[in-house]
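What follows is each chain in one-letter form.
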Amino acid sequence: MSQSAQARYQYWVKTMRPKKPVAMNLVAAFLVGGAISEVGQIIQWVFLRQGLSPEKASTPTAIVLIGLSALFTGLGWYDRLTKLGGMGASLPITGFANAMVAPAMEFRAEGLVLGVGARLFTVAGPVLAWGMAAAFVVGLVRLVFGVAI
Amino acid sequence: MTRRVAAIGEGSYAVEGVYILASGTVVGDKEAQGPLGHYFDVTWSPSGSSRSFEREERELLQRSQEIALAKARLDWPAVELVLGGDLLDQLVTTSFVGRAHGRPLLGMFAACATFTEALAVGSLLVAGGGPAVVLASAVSHHYAAERQFRYPVELGNQRYPTSSWTATAAGSSVLASAPGPIAVEAVTIGRVVDYGQKDPNDYGSAMAPAAVDTIHRHLRALGRTVEDYDAIFTGDLGEFGRRLALKLAQEELGEDWRARLDDCGRVLYDLQRQDVHNGASGAGCSAAVFGGYLSHQLTQGGWRRLLLAATGALLSPTTAQQGESIPSIAHAVSLRAERGGEAR
């Protein structure tokens with residue numbers, strides 16, 4: 001196998017590879033992500049009508065969304081939603097809930113400690129780790145430069 | 001029956017006195033709903049709720065082995081050697097099923113090329129005067145593979161257009177020195193080929209060069225061309241991988257394989273309707289497609305000769321995460337119809 005044969009092959013792979021339907025994916029992500037946000041907004045309105053202040057209404061709203069996402073994950077629906085909406089479904093808090101519930105369901109077979117316990121954060125772990133690291137850096141910047149963010 | 005094996009080229013051997021007596025296939029729902037659904041022996045659906053995907057995979061394999069033996073009118077004690085493998089770490093499926101049947105066992109791993117590896121090695125052993133009855137099998141389970149290689153099953157994610165769908169399927173074939181409907185003519189053991197492809201969502205492009213390398217060596221050793229076969233089936237290149245294999249054959253060898261070359265992973269599902277993107281993959285894919293559809297074509301469909309060259313991507317999740325390219329391999333077996341194939 002010569003170097004040029006390999007380079008030629010890699011060029012064919014690049015040019016012949018089926019393309020991702022980017023435009024359609026973007027539209028689907030917008031619609032799915034938007035729909036999830038709308039549902040969240042409606043839930044928040046319900047809590048506001050119950051007399052909660054805007055600051056206090058956001059926590060129960062998140063709890064309801066997480067609960068719904070966990071339920072949909074358990075029913076096997078949320079992965080279909082993500083297949084359609086991509087990041088539109090992965091990025092909202094419901095996507096995070098899916099990333100926690102899916103491994104919890106998955107690793108039941110390996111037991112509660114070494115299965116569910118050890119692998120619950122398989123997917124969400126990196127998000128938490130780097131999210132906290134980023135928060136720390138931003139907090140440090142604020143502390144050092146005294147800017148209000 | 002004389003049993004004979006002769007080296008005819010690098011890694012290639014002509015064998016005599018080796019036959020496939022019968023094959024057993026078990027597939028999942030999705031595979032049964034595909035265009036080849038009616039060729040499979042059993043459509044299997046999970047029983048009970050407390051079972052694991054790994055246990056289900058064992059049941060698939062065991063059923064396919066039992067069906068193959070029943071169709072060959074043999075009992076377990078007649079099996080002198082069991083050859084085969086699966087995709088799970090430490091080949092647990094093959095070994096755990098071995099605990100049940102208790103026959104001499106050699107576990108094999110060549111990813112999705114496992115079935116032709118088992119057929120090739122089994123044929124060499126039978127032809128060389130070793131065991132007279134060998135059971136060759138391979139199995140994969142979509143969800144058992146997903147949780148080992150990718151993500152938890154219910155985690156939402158989008159698949160790539162080049163992604164393949166690991167088939168829930170098992171296939172077992174009985175190789176024997178006693179005459180049967182399909183004869184093994186020759187085998188070629190593959191070499192590891194790596195053209196530098198790194199995308200774990202695109203096995204087709206990684207494996208296509210290995211398939212072309214093995215098929216080319218096999219044909220050259222036998223002094224044949226693709227026209228000598230009714231069909232040449234690779235395993236699990238899928239739609240994109242097949243196109244790349246055809247391109248390689250055209251550009252590097254100057255040969256047109258379009259009329260003969262197809263792929264097990266490409267035919268198992270309806271690529272559009274069943275939303276599987278590039279097609280099927282998994283050790284059980286080529287085993288079930290051969291045991292169900294292809295062997296039927298040889299015994300009753302009028303085909304005289306088939307070249308089966310399953311391909312395997314020899315990576316692990318760890319090597320993919322470490323940015324290594326994907327080494328691939330293909331093992332080839334030439335098969336001839338012994339009766340019912342006179343139409344051509």
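Residues numbered from 1 in each chain as written. Chains lettered and ligands numbered in written order. Predicted model: local features only at pLDDT ≥ 70, side-chain atom pairs only at ≥ 80, totals over all residues. Heavy atoms only, no water.

Q: Where do I start with the overall build of chain B in this structure?
A: Helix and strand counts for chain B come out as ten helices and 15 strands. Here the C-alpha coordinates of chain B stretch approximately 55 × 50 × 35 Å along the principal axes. When the 344 residues of chain B are sorted by exposure, 60% land in the buried category. Expressed as a percentage of contacts within chain B between residues at least 6 apart in sequence, the contacts between residues at least 24 apart total 78%. By element, 46% of the accessible surface of chain B is carried by carbon and sulfur atoms, the whole surface being about 12,300 Å². Positive and negative charge centroids in chain B, built from 31 and 38 side chains respectively, lie 4 Å apart. (Helix = DSSP H or I, 4+ residues; strand = E, 2+ residues; numbered from the N terminus. Buried < 20%, exposed > 50% of the residue type's maximum accessible area, 1.4 Å probe, protein only. Contact = heavy atoms within 4.5 Å. Areas by Shrake-Rupley, 256 points an atom, 1.4 Å probe, with all protein chains shown as cover. Lys, Arg positive; Asp, Glu negative; His and termini not counted. Charge placed at Lys NZ, Arg CZ, Asp CG, Glu CD.)

Q: Any chance you could explain the pairing of strand 1 (residues 4–9) of chain B here in plain terms?
A: Two faces make up the sheet, and in a regular strand the side chains alternate between them. All names here are of chain B. In the sheet, strand 1 pairs with strand 2 (residues 12–16) via five bridges, with the strands oriented antiparallel. Note that in strand 2 the partner of Ala6 across the bridge is Ala14. With antiparallel pairing between neighbouring strands as the criterion, strand 1 and strand 2 make up a hairpin whose turn holds two residues, including Gly11 at a positive phi of roughly 70 degrees. (Pairing = 2+ DSSP bridges.)

Q: Teacher, can you tell me more about the side chain of Asp263 of chain B here?
A: Residues and elements named next belong to chain B. Along the chain, Asp263 falls in strand 12 (residues 261–263). Here the side chain of Asp263 touches Gly238 through a polar contact of 2.8 Å, landing on its backbone nitrogen. Polar contacts involving the side chain of Asp263 include one to the main-chain amide nitrogen of Gly265, which spans 2.9 Å. Excluding residues that lie within four positions of it along the chain, Asp263 makes contacts with Phe233, Thr234, Gly235, Asp236, Leu237 and Gly238. (Polar contact = N/O pair within 3.5 Å; in protein donor to acceptor, adjacent residues only side chain to side chain.)

Q: Would you explain a nonpolar patch on the surface in this entry?
A: Residue and element names in this part refer to chain A. Judged by side-chain polarity, Val39, Val64, Leu68, Leu71, Phe72, Leu75 and Trp77 come together as a nonpolar surface patch covering roughly 580 Å² of accessible area. Per element, the largest residue contribution to the nonpolar patch is four residues, and it comes from helix 3 (residues 54–74). Relative to the helices and strands, Phe72 is located in helix 3. (Patch = residues over 30% accessible without salt bridge, like charges linked within 9 Å, V, L, I, M, F, W, Y side chains within 5 Å. Salt bridge = Lys/Arg side-chain N within 4 Å of Asp/Glu carboxyl O.)

Q: So what exactly am I meant to see when it comes to the packing of aromatic side chains here?
A: For any pair of aromatic rings, the description rests on two quantities: the centre-to-centre distance and the angle between the ring planes. All names here are of chain B. Applying the stated criterion across every chain yields a total of nine aromatic pairs over all chains. Between Phe233 and Trp303, the ring centres sit 6.2 Å apart and the planes meet at 35 degrees, which makes this aromatic pair tilted. Of this pair, Phe233 sits in strand 11 (residues 231–235) while Trp303 sits in the loop between helix 9 (283–299) and strand 14 (305–313), placing them 70 residues apart in sequence. By relative accessible area, which is 4% here, Phe233 ends up buried. For Trp303, a relative accessible area of 13% corresponds to the buried category. Among the aromatic residues, ring-to-ring pairing joins Tyr39, Phe233, Tyr293 and Trp303 into one connected group. (Phe/Tyr/Trp six-rings, centres within 6.5 Å; stacked < 30°, edge-to-face > 60°.)

Q: Whenever I open this one, the interface of chain B and chain A confuses me. Can you help?
A: Note on interface size: it is often stated as the accessible area lost on association of the parts. Contact residues are listed per partner, giving 32 residues for chain B and 33 residues for chain A. Summed over both sides, the interface of chain B with chain A buries roughly 2,800 Å², with 60% coming from carbon and sulfur. When residues of chain B are sorted by the area they lose upon contact with chain A, Arg147, Glu154 and Tyr195 of chain B head the list and together hold 24% of the total. Notably, a salt bridge pairs Asp275 of chain B with Lys83 of chain A, separated by 3.1 Å at the nearest N-O pair. On the surface where chain B and chain A come into contact, there are 13 residue pairs in polar contact (both at pLDDT 80 or more). For the side of chain B that touches chain A, the secondary-structure elements that each account for two or more residues are helix 6 (203–222) and helix 7 (238–253) of chain B. Ranked by the residues each element gives to the side of chain B that touches chain A, the list is headed by helix 7 of chain B, at seven residues. Looking at side-chain class alone, the side of chain B that touches chain A contains twelve nonpolar, ten polar and ten charged residues. (Buried area = accessible area lost by both parts, 1.4 Å probe. Nonpolar A, V, L, I, M, F, W, Y, C, P; charged D, E, K, R; others polar.)

Q: What's the story with the nonpolar core in this structure? I'm lost.
A: Within the largest apolar cluster, 52 residues are counted, with the highest numbers of intra-cluster contacts made by Val184, Phe233, Val289, Phe290, Leu294, Leu306 and Leu335 of chain B. Sorting elements by how many residues they give to this core places helix 9 of chain B first, with nine residues. When residues are assigned to domains, this core turns out to be shared by domain 1 (4–176) and domain 2 (184–337) of chain B, each giving three or more. Not counting residues up to four positions away in its chain, the partners in contact with Phe233 of chain B are Asp262, Asp263, Cys264, Val267, Tyr293, Leu294, Trp303, Leu306, Leu307, Leu308 and Ala309 of chain B. Trp12 and Met16 of chain A together with Leu246 and Ala309 of chain B belong to the second-largest nonpolar core, a separate cluster that totals 34 residues. (Core = buried A, V, L, I, M, F, W, Y, C linked by side-chain atoms within 4.5 Å. Domains from an automatic or database assignment.)

Q: When you look at the packing of helix 2 (residues 53–71) of chain B against helix 3 (residues 92–101) of chain B in this model, what are you seeing that I'm missing?
A: Packed helices, taken two at a time, are described by the angle between their axes plus the distance between the axes. Residues and elements named next belong to chain B. One way to put it is that helix 2 packs onto helix 3 with a least axis distance of 9 Å and a crossing angle of 55 degrees. The angle between the axes of helix 2 and helix 3 places the two elements in the oblique class. Both helix 2 and helix 3 take part in a crossing whose hand is right-handed. Contacts from Glu57, Arg58, Leu61, Gln62 and Gln65 of helix 2 reach helix 3 at Thr93, Thr94, Phe96, Val97, Ala100 and His101. (Axes fitted to C-alpha atoms, helices over the stretch in contact; angles between N-to-C directions. Parallel < 35°, antiparallel > 145°, perpendicular 65-115°, else oblique. Left-handed = near helix turned anticlockwise from the far one by under 90°.)

Q: Got a minute to help me understand helix 3 of chain A in this structure?
A: Side chains three or four residues apart in an α-helix point the same way, a direct result of the helix having 3.6 residues per turn. All names here are of chain A. Here helix 3 contains 21 residues, and its C-alpha end-to-end distance of 31 Å stays within 8% of the 30 Å for a straight helix at 1.5 Å per residue. Buried within helix 3 we find Ala57, Pro60, Thr61, Leu65, Ser69 and Thr73. Turning to helix 3, the residues buried within the fold contact helix 2 (22–49), helix 4 (78–85) and helix 6 (93–106). Once helix 3 ends, the next one or two residues include Gly76, with phi positive near 80 degrees. (Expected span 1.5 Å × (residues − 1).)

Q: Where do I start with the packing of helix 1 (residues 3–16) of chain A against helix 7 of chain B in this structure?
A: At a minimum axis distance of 11 Å, the contact between helix 1 of chain A and helix 7 of chain B shows a crossing angle of 140 degrees. One way to sum up the angle between helix 1 of chain A and helix 7 of chain B is to call them oblique. Crossing of helix 1 of chain A over helix 7 of chain B shows right-handed handedness. On helix 7 of chain B, the residues touching Ala5, Arg8, Tyr9, Trp12, Val13 and Met16 of chain A of helix 1 of chain A are Phe240, Arg243, Leu244, Lys247, Leu248, Glu251 and Glu252 of chain B. Grouping the constituent residues of the contact of helix 1 of chain A with helix 7 of chain B by class yields eight nonpolar, no polar and five charged.

Q: Any chance you could explain the confidence of the model for chain B here in plain terms?
A: Detailed reading of the predicted model is not advised wherever pLDDT is low. The predicted model of chain B has a mean per-residue pLDDT of 94, with 97% of residues at 70 or higher. Segment residues 340–344 of chain B is flagged for pLDDT under 50; beyond a separation of four residues in sequence, or across chains, it makes ten contacts in the model. (pLDDT = per-residue confidence, 0-100.)

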